[in-house]
Structure formats: structure tokens, C-alpha cells
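Below, each chain spelled out in residue letters.
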Amino acid sequence: MKKITKWNWLRIIRDWKMRILFLLFFIFFGSFSTLYRQQNVTFPAIETSEEYQDERQIYRLIPKDHFEGELGQEVQKALGGNSVALGVNRYILNQRSGNKIEGIEFLPDYIENGRVLVKNNLFLYEATEFECYDLFVDAYLPPIEEVREQERFYDELESSGLDIEWNPYSASQMIKVEVELLAGITLFLLIAILAADHFTKDQIENWSATHGWPIPWKTQWRLRSGFLTVLLWAAIFMGGLVSYFISLQIETSGSFNYPTALFHNGEIHYIPLWQYLCISIGLSLLLSYILMLITTGLSWIFRNFYLTILLVVGLFLLPQIWQVLPPFSSWQPSLYLNILDVLNGSTATTTGLSGVVWWKGFIVYGVTIIVLEAIFSRVFSFIPTATQGLQRREQA
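Basis of the calculations
Residues numbered from 1 in each chain as written. Predicted model: local features only at pLDDT ≥ 70, side-chain atom pairs only at ≥ 80, totals over all residues. Heavy atoms only, no water. Helix = DSSP H or I, 4+ residues; strand = E, 2+ residues; numbered from the N terminus. Rg over C-alpha atoms; globule rule 2.2 N^0.38 Å. Buried < 20%, exposed > 50% of the residue type's maximum accessible area, 1.4 Å probe, protein only. Contact = heavy atoms within 4.5 Å. Areas by Shrake-Rupley, 256 points an atom, 1.4 Å probe, with all protein chains shown as cover. Lys, Arg positive; Asp, Glu negative; His and termini not counted. Charge placed at Lys NZ, Arg CZ, Asp CG, Glu CD. Polar contact = N/O pair within 3.5 Å; in protein donor to acceptor, adjacent residues only side chain to side chain. Patch = residues over 30% accessible without salt bridge, like charges linked within 9 Å, V, L, I, M, F, W, Y side chains within 5 Å. Salt bridge = Lys/Arg side-chain N within 4 Å of Asp/Glu carboxyl O. Pairing = 2+ DSSP bridges. Axes fitted to C-alpha atoms, helices over the stretch in contact; angles between N-to-C directions. Parallel < 35°, antiparallel > 145°, perpendicular 65-115°, else oblique. Nonpolar A, V, L, I, M, F, W, Y, C, P; charged D, E, K, R; others polar. Left-handed = near helix turned anticlockwise from the far one by under 90°. Expected span 1.5 Å × (residues − 1). Core = buried A, V, L, I, M, F, W, Y, C linked by side-chain atoms within 4.5 Å.

Another point: the overall build of the protein chain. Per the secondary structure count, the protein chain includes 15 helices and two strands. By the compact-globule yardstick of 21 Å for 396 residues, the protein chain is too spread out, its C-alpha radius of gyration being 27 Å. The buried share of the protein chain, taken over its 396 residues, is 47%. When contacts within the protein chain are restricted to residue pairs at least 6 apart in sequence, long-range pairs at least 24 apart make up 76% of them. Of the roughly 20,300 Å² of accessible surface on the protein chain, a fraction of 59% belongs to carbon and sulfur atoms. Of the side chains in the protein chain, 29 bear a positive and 38 a negative charge, and the two mean positions are spaced by 21 Å.

Written out as C-alpha cells, the structure is:
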């Protein structure tokens, strides 16, 4: 078995197509931070400024006589508090350092202002008897779930002792964006291109390193899928490190302890960024191995490069069927094909299954690997080893 493993490994790394693809993947992930900086990303300071302008606009739209009475005065006070909090936070984000305005220590910091916004928005949601309540809900207030998420974010940011992240191009945020890109359709495309063209001469020269019996298909399938997964992730990790060090030279470092949103127990919670990255990479690693097993197996069965790519990439769209048909369980493997939607809760929201959470993905992937092993081993047993002129050698 050791000789067979070494022989299959050498066949892969000596393939010029494999070397070119490895180099291209490495260049893509290594230059990702530079490429991403060409995108138009809205900075938090600009978003806060837009919220400030929205607040001023909604204030002008409300007739002055609506602010009469006890409730009207309370609403006016809440809107005024939001205006002040947004204005101070906008200034804090524009100074790009710390959670307080330097030299003006008596003003509340970013977290205190955020909590004021949460408190006031919750109050405005409860002011159902205010005459312009519908205007608040339709044109001004964020969804109630988002307001509560913001409250949890400020609590986690305070407990972490970190400053607000003003720079979406920071090195740590670049790693997050890169990992999230990989957790989507990019992973399916990379694997389809990498593994779909590996039938070639594998079955014509299907002899072991000892020139004895031909290597069983399931052995080659398992070894090749594992080796291709290792090479893919080697290119990803090496490229990611290069991209990170490039970001450190041209942008701020950020922090891997920064609060990051993760869907769990039916709502969004915030965990340190490094934990989020570990979960996302772990799920992507298992899913990539599953896709590699499927792609390699289908390419050997159909022996058609384009058909295999179409089928594998089409798997990414499979969860869309549950927007038309009702899903029957949160343990359906198809619900975990889009990792990013599982992590941010989009899958749970669209399907109505709050039980679609990240930790189930690890179990589902593990069971899927076992099922694929059984299915492909059975399928390969029906395919003759002697093919395209290959004949078994008789043992002496």
C-alpha cells in the first residue's frame, strides 16, 4: 500500500496541468488582498453618516404637532438622542483611532452611543400609538432582529476590550473575506476544474508500482481525492499567508478577536473572529473532500470533462429547490452545501428551519463521506478493471 500511495502521489505532482493549476490557485489567493482593495467597499464611517442623514430626514418629515403630548415628546427625545449618538460615532470612526474622541473625554464612547441607539430604537418600536409609527417602521427603523443583534455586538465588543474596526481592508478582515469567498461557489468551481479532468490515462495504465494486479478503482479514487484535497488546501493556506502579510504592509492589522456574527440557537451571536475562521475553514475542508470524491468518481464514470463540471457546480444550486418545496428536516445534506448561508442564518431563515446550524454540518459531512464511500465502492465493483486494451496479468 505504501508503494501504491507513493506512486499515485508522484503521478499527480508530476502532471504539468496540476502544477499550472496549483500555481494559478496560489497566485489567486496570494494576491487576493490586493485585488479586493480594487472593490468599492463602504466604510463604517460612511454608513454611519448615511444613517445620520436618514435620521435628520425622518425628523423633518414628521409634522411638529405630532411631537405634542407626552408620547410625542418622548419620541422627539429619542430621535434627538439618536442624532447625537450617530454624530459622535461618525466623528469617532472618522478619526480612525480608539472608541472615544481624543481630547474630549466627557463625551460617551462608541459603545455607549451604540447602546443609546439600541435603547431608543427599541422604544420607538414600542411607541405604536405615535401617529407616524408606520413611517418609522417602513422608512427609518432597522428590523427588530437587527436591533437586538446590535445590542449583542456592543456587549461582545466591550467584553473583548477592542476598538471598533473602522477599516474593512484590515489584514484580519481580508482573511475573513477570503475564507467567506471560499465557502461559497468558488470552492465548487475550483474543485470542478481541478478534479474533473483526471480520468485520462489512469485506467489505461492502471498498474501498481509492483506491476502485479491492477490497482482497484476505489483505491485510486480514494487516494487521488485525498491528494487533490491536500494540494488544493496547500495552495489556499500558502496563498492566504502571502495575502495576509501583504495586507500587513499596506493596511492596519485588525484583530482576530474582533466580534463576528454567527447564527446559533435561532439567532445571531457574536464570537471572536478566530473561532469563526476555524469553523468556516473546518466546514470548507470537509465539504471540499466530499466534492473531490464526487468529482473524481463522476469523471471516472462518465469520462466527460464538461458534464462532470456541470454536475458538480450544479450541486451548489441544489439548496434553491427548498425555496419551492418544503424541507423535511434540518439534517438534510443539501441544506449544508452553501456554508456561508448556514453561518449567517440565511438558510435557516429561507427554509424556516432554525435547526440548520454550523455544528450539524460537521456531522452531516461525516455521514456523507461514509455514504459516498459505500456508493462509489459498489459502483466501481460493477465496472471491469480491464478496459481500453488493459488485461489482467496472470499470477505466476
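There is more to say after this.
The next point concerns the environment of Ser-172. Along the chain, the position of Ser-172 falls in helix H9 (residues 171–195). Judged by its relative accessible area of 1%, Ser-172 falls in the buried class. Here Ser-255 takes part through its backbone nitrogen, which lies 3.2 Å from a polar atom of the side chain of Ser-172.

This next bit is on a nonpolar patch on the surface. Among the surface-exposed residues, Ile-301, Phe-302, Leu-307, Leu-310, Leu-311, Trp-331, Trp-359, Ile-363, Val-367, Val-371, Ile-375 and Val-379 lie close enough to one another that they form a single nonpolar patch of about 1,000 Å² accessible area. Counting residues per element, the ones that place at least two in the nonpolar patch are helix H11 (273–302), helix H12 (305–316) and helix H15 (358–381). In terms of residue count, H15 provides more of the nonpolar patch than any other element does, six residues in total. If you trace the backbone, Val-379 turns up in helix H15. Residue classification places Val-379 among the partly exposed positions, given a relative accessible area of 31%.

Here we take up the pattern of salt bridges. Scanning all chains against the criterion turns up seven salt bridges. The salt bridge involving Arg-37 is made with Glu-251; its shortest N-O contact spans 2.9 Å. Note that Arg-37 is positioned in the loop between helix H3 (32–36) and helix H4 (44–61) and Glu-251 in the loop between helix H10 (217–250) and strand S1 (259–264), a separation of 214 residues in sequence. You can call Arg-37 partly exposed: its relative accessible area is 35%.

So, on to the pairing of strand S2 (residues 267–272). Summarising the sheet, S1 and S2 pair through six bridges and their orientation is antiparallel. Across the sheet, residue His-264 finds its bridge partner in S2, namely Glu-267.

This brings us to unusual backbone geometry. Despite not being glycine, Arg-96 shows a phi value in the positive range, around 55 degrees. In this structure, Asn-265 takes a positive phi of about 55 degrees despite not being glycine. Mapped onto the elements of the fold, Asn-265 is located in the loop between S1 and S2.

On the surface, Lys-2, Lys-6, Arg-14 and Arg-19 cluster together to form a positively charged patch. Relative to the helices and strands, Arg-14 resides in the loop between helix H1 (2–13) and helix H2 (16–30). A relative accessible area of 59% places Arg-14 in the exposed class.

Bringing the packing of H10 against H15 into the picture now. Their axes nearest at 9 Å, the elements H10 and H15 cross at an angle of 140 degrees. Judged by the angle between their axes, H10 and H15 are oblique. In this structure, H10 uses Trp-217, Lys-218, Trp-221 and Arg-222 to contact H15, whose residues at the interface are Leu-372, Glu-373, Phe-376, Ser-377 and Phe-380. A class-by-class count of the residues in the contact of H10 with H15 yields five nonpolar, one polar and three charged.

A separate point is the packing of H10 against H11. Where H10 meets H11, the closest approach of the two axes is 9 Å, and the angle between their N-to-C directions is 135 degrees. In terms of axis orientation, H10 runs oblique to H11. The handedness of the crossing between H10 and H11 is right-handed. On H11, the residues that touch Trp-217, Gln-220, Trp-221, Arg-222, Arg-224, Ser-225, Gly-226, Leu-228, Thr-229, Leu-232, Trp-233 and Phe-237 of H10 are Ile-281, Ser-284, Leu-285, Ser-288, Tyr-289, Met-292, Leu-293, Thr-296, Gly-297 and Trp-300. Split by residue class, the contact of H10 with H11 holds 12 nonpolar, eight polar and two charged.

With that settled, the discussion passes to the side chain of Glu-180. Of note, Glu-180 is situated in helix H9. For Glu-180, the side chain forms a polar contact with the side chain of Lys-176, separated by 2.9 Å.

As a further point, take H11. Helix length check: H11 (30 residues) gives 42 Å between terminal C-alpha atoms against 44 Å at 1.5 Å per residue, within 8%. In terms of burial, H11 is largely enclosed, as 22 of its 30 residues are buried.

A word on the nonpolar core. With 98 residues, the main nonpolar core has Leu-79, Phe-136 and Leu-232 as its most contacted residues. When residues in this core are grouped by element, the largest group, 14 residues, is from H11. Among residues more than four places away in sequence, those in contact with Phe-136 are Ile-58, Ile-62, Val-75, Leu-79, Leu-124, Phe-130 and Leu-141. Judged by nonpolar contacts, the second largest core, of five residues, contains Ala-192, Ala-196, Val-312 and Val-313.

The next thing to look at is the side chain of Asp-109. Take Asp-109: it is sitting in the loop between helix H5 (69–95) and helix H6 (110–126). Of the buried charged residues, Asp-109 lacks a salt bridge, with Lys-100 as the closest side chain of opposite charge at 5.3 Å. Within polar-contact distance, the side chain of Asp-109 engages the backbone nitrogen of Ile-111 at 3.3 Å. The contact partners of Asp-109, leaving out residues within four places of it in the chain, are Asn-89, Ile-92, Asn-99 and Lys-100.

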